[in-house]
Amino acid sequence: MSLILALLVVAVSVPLVPVLTRLLGRQAGWALGGGLLLAVGVLVHAGAGTRTVSETVSWMPTVDVALRLRLDGLSMLFAVLVLGIGAVIMVYSTSYLTDRRPTGFYTLMTGFAAAMLLLVLADDLVVLWVAWELTTVCSYLLIARSGPTAGPPATRTLLVTVAGGLSLLGAVALVAARTGTTDLTAALAHPAWAADAAFGTTVAVLVAVAAMTKAAQFPFHAWLADAMVAPAPVSAYLHAAAMVKAGIYLLMLFAGAASHAPVWPVLLVTVGLLTAVMGALFALQRHDMKELLAYSTVSQLGLLVAVIGIGTTEAMLAASVHIAAHALFKSAAFMHVGLMERRTGTRDLRRLRGLARSMPWAAAMITLAVASMAGIVPTLGFISKEMIFEAMLDAPAAPAIGWLVALVAAAGAVLTVAYSARVILTLLPGPAPEVRPWRPTASMSAAISLTALAGTVFGVAGWLLADLVRGAAAATAGTTLSEIGGVYLWHGFGGPLMLSVLAIAAGVLLTVWRGHTDRLLDRALFPGSGVRAVQSLHDNTIAFGRRVGALTRNDAPAAHMAAPVVLLGLAGLGVVAGWPGAPPTLRPHAIDVGLLVVMMVGIVTVVRARVRLTAVIATGVVGFSVAMWFFVLGASDVALTQLLVEILTVVIMVLVLRRMRPRFAAVGTRRSVLAAAAALAAGTTATLATLAFTGHRSLSPAGEHFIREAQTLTGGTNIVNTILVDFRALDTFGELVVVAVAAMAVSALLTAHPAVGGTSEPQVDNPLSDPQRNAVFLTVLDRFLVPLMLLGSLYALLRGHTAPGGGFIAALLGTCALALAYLSASSARTRMLQRPFLAIAGAGILVAVGTGALGLFDGSFLRPLHAEVLGVKLTTALVFDVGVYLAVFGVILAALRLLGAASTDTPGRRPPTPPHQPHTDTRADARQTEGATP
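Cut-offs applied
Residues numbered from 1 in each chain as written. Predicted model: local features only at pLDDT ≥ 70, side-chain atom pairs only at ≥ 80, totals over all residues. Heavy atoms only, no water. Helix = DSSP H or I, 4+ residues; strand = E, 2+ residues; numbered from the N terminus. Buried < 20%, exposed > 50% of the residue type's maximum accessible area, 1.4 Å probe, protein only. Contact = heavy atoms within 4.5 Å. Areas by Shrake-Rupley, 256 points an atom, 1.4 Å probe, with all protein chains shown as cover. Core = buried A, V, L, I, M, F, W, Y, C linked by side-chain atoms within 4.5 Å. Pairing = 2+ DSSP bridges. Phe/Tyr/Trp six-rings, centres within 6.5 Å; stacked < 30°, edge-to-face > 60°. Lys NZ or Arg CZ within 6 Å of the ring centre and 35° of its normal. pLDDT = per-residue confidence, 0-100.

### Things to note about the overall build of the protein
Check the secondary structure of the protein and you find 37 helices and four strands. Within the span of the protein, comprising 934 residues, buried residues form 49% of the whole. Long-range pairs, those at least 24 residues apart, make up 78% of the contacts in the protein with a sequence separation of at least 6. As presented, the protein carries roughly 42600 Å² of accessible surface, and 69% of it is formed by carbon and sulfur atoms.

Right, here's the structure in full:
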């Protein structure tokens, strides 16, 4: 299980980040980098001798989805780069970061490393797509947290990369449907790629589009430079060495199968060469070194896409070597930008001179990195450039086409030398900016030196890297190592060397004549801008949505209820019309009649109420009556849930009413008549539909299976609970996520826009208007009831598998205790509510995920594990129920805490005290103003 172990080493580092940053602060990067290197060691040991290793953990066997992992030459190359460069970036960050506890940064960076490792090891189509989307999310969050101006660039980046994710999802769905499997290796070897031209072409285009969005190819190139608002470590890792490589990895992974489609090489070579030249031109136009390097990355990735499109074994070897070279020199260059910002305070090329004298070691290292980027002897970049030219000249097409492709690539190389030289110009003598001491940036210099020197060492001694890149080429081309050439510094005289020499010479001339070049490039080379195009698409999409929404937008509840009422009525009438017999005669009992009368009284009271609080109380009466009816019918779990929900609903509705006027607005007679008619029609329709649907069929086969097998398969006798936490735990897990998101939404809404309490209604001075005197009974009672209710909550949680109860009911009971404590407290700031509700809800999700992961040991995610200890039956379903408890508890606590505070008492806001007056309870003031005491 070496691959699982390597993945776990990186994944477990993510939840450990808060602990490490608390203990080590910024220096936690050393420990996290060590964890990434440990994972490299595990993978190298697993793949020793260029072996192919496969491991599988069952996930969802019924749909043939599993955690399939595969380590071959291609995944080994990308895994070593992702983890190795990631470790270097972690070390670099220990000096670069300024936060004392950069928990968020390290968490997202480590999470991104885990997602990328899962991506390159995935041997299942669904797992591949999930990992792809995880890298998108991590990238977005890392950009968005970079500063107050990072929101729009992060959103634009997300739009482009999510579009690519949707394209990949389409490809995954097509491949799985056509080949009949989600096993990636089996799907790529399926004969349908060669036999079905329509299938092969469609999937090839979808995969190419997905890869080009991540690899920043035209016309999706703008996001990469836009994302440079992120700090240097993020740019060095995600947008130079890792995330953009996800697109390159995808192209190489699908290259063998997709090459059966004639459009594949044409699309890749054309778009790649266009991007290579365009990106290099844009780089020459930039004076900000970070922007220059961003467009340089676009250009280099275009060259990679083009050579992958060639498709030969030599081309795949050239691509593999250039992937390694690019990761080394570009990460070093981006890290150098961060070092310059720290020591000089600028990255403007026009203001940087004399750095060779003021920063000699950094100048030497950036020279090595830039030399590799420009393809100068004896760096690894020179070797990869030679190999790319050679692969293009030997392309399986007419010699003229090969030379045309190579000449276009050489034109891009000319521009590469020119913009690389502009970085070197900063080292020449001149008025150097003031340089800060180097000691605080020692680990930054060490990280830059490691990657820059590696690019030169591997150039001189290519054999050190040969097995790694040759294995990747063999895996991509579907050949053996014996058929793959070597990695040599000297390739002899020929076309590739001639193109290299011409590119260097022409690039030097462009640098010498940079005055003329700048005047020529000091203009818009293309109409419009990629960034503006993406922003325009974003704005127009939102505007179009508003226009479409305006067609049916209506704040009246009746308008929204009309559609479901009509549809439900039509469905009910259709069922009744096709029913051969009449519904069975109902024989009401006395208790049914009594409950029905109580419900009718409550409904009439709601309809006639003119005060909002009266309507809420009457609505509660109706809800409690329904709960009692459930008890009578024997649905204990449903009745308990209904009862507790009604209690909490009344409390929360009263808290909402504190922000509203006490009385309803006056309504005209015509509107009242129409509303009554609509209500009667809706009630009649709902009744007929319910009778039709419930009496039309017997118990479903699934229901019979649950009743028959629940106790045997789960050990539980409460069928409702076993369905929720055993049989259909995945549905419940999805609901937990929705609940946690609801807690976040409540927090965001009420924190950003605190409700305004108080009305212009006249105050009435009577005992009921004073919450202190009005709550004496509750104040005495809560001392005994709150602890008892919390114990009852725990009891309901533990007994849920065999008797009415469970995580949801227990959480409702626990939060009812909190509601009682709140109502009896003298202030909204009662200690009982001062709990981190978002952390509690999030902990529920983590517990549920952890329990689901335990199920993998028995072959499927979320499968409950059972054991018996000292005669007591234990099950992981109980732990999953704890997750349900925490998630529900968190969202209701959020509502109580945030709605229970007045606008001036919102968490995080200190309530103001009126001048020359003692501080009073804002909650009491709000209730007094509205004349309503819950």
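### Section: the nonpolar core
By size, the foremost hydrophobic cluster in this structure holds 195 residues, and its most contacted members are Tyr237, Ile248 and Met392. Beyond its immediate chain neighbours, meaning those up to four positions away, Ile248 contacts Phe78, Ala215, Leu301, Leu304, Val305, Ile308 and Ile323.

### Side note on the environment of Glu133
You can see Glu133 is positioned in helix α5 (residues 125-144). Overall, the relative accessible area of 18% leaves Glu133 in the buried class. As for Glu133 and Leu169, which are separated by 36 residues in sequence, their C-alpha atoms are 9.8 Å apart.

### A word on the pairing of strand β1 (residues 53-60)
In the sheet, β1 pairs with strand β2 (residues 65-71) via seven bridges, with the strands oriented antiparallel. Bridge pairing in β2 links Thr56 to Arg68. Linking two consecutive strands that pair antiparallel, namely β1 and β2, is a turn of four residues; a positive phi of about 60 degrees is found at Asp64 within it.

### Remarks on unusual backbone geometry
Across the junction of Phe218 and Pro219, the peptide omega takes the value 5 degrees, indicating a cis bond. Note that the residue after Val377, namely Pro378, is joined by a cis bond; omega there is 5 degrees. On the secondary structure map, Pro378 appears in the loop between α16 (360-374) and α17 (380-393). One non-glycine residue, Ala216, lies in positive phi territory at about 55 degrees. With respect to the helices and strands, the residue Ala216 is situated in the loop between α9 (197-214) and α10 (222-226). For Ala216, a relative accessible area of 0% gives the class buried.

### With respect to the packing of aromatic side chains
Under the defined criterion, the tally for this structure stands at nine aromatic pairs. Relative to Phe199, the ring of Trp193 has its centre 5.1 Å away and its plane inclined at 55 degrees; by these criteria the two rings are tilted. The ring of Trp132 carries Lys214 above its face, with NZ or CZ at 3.9 Å from the centroid. Directly above the ring of Tyr96 sits Arg342, whose terminal nitrogen or CZ lies 4.1 Å from the centroid.

### Regarding the side chain of Ser500
Mapped onto the elements, Ser500 comes out in helix α21 (residues 495-512). Leaving out residues up to four positions away in the same chain, Ser500 has contacts with Lys385, Glu386 and Phe389.

### As for the confidence of the model for the protein
For the protein, per-residue confidence averages 82 on the pLDDT scale, and 87% of positions sit at 70 or higher. Mean pLDDT per element in the protein: helix α37 (residues 922-930) is the minimum at 35, and α9 is the maximum at 93. Counting interchain partners and residues more than four positions distant, the pLDDT-below-50 stretch residues 756-764 has 20 contacts. Counted against residues more than four places away or in other chains, residues 903-934, with its pLDDT under 50, gives 72 contacts.

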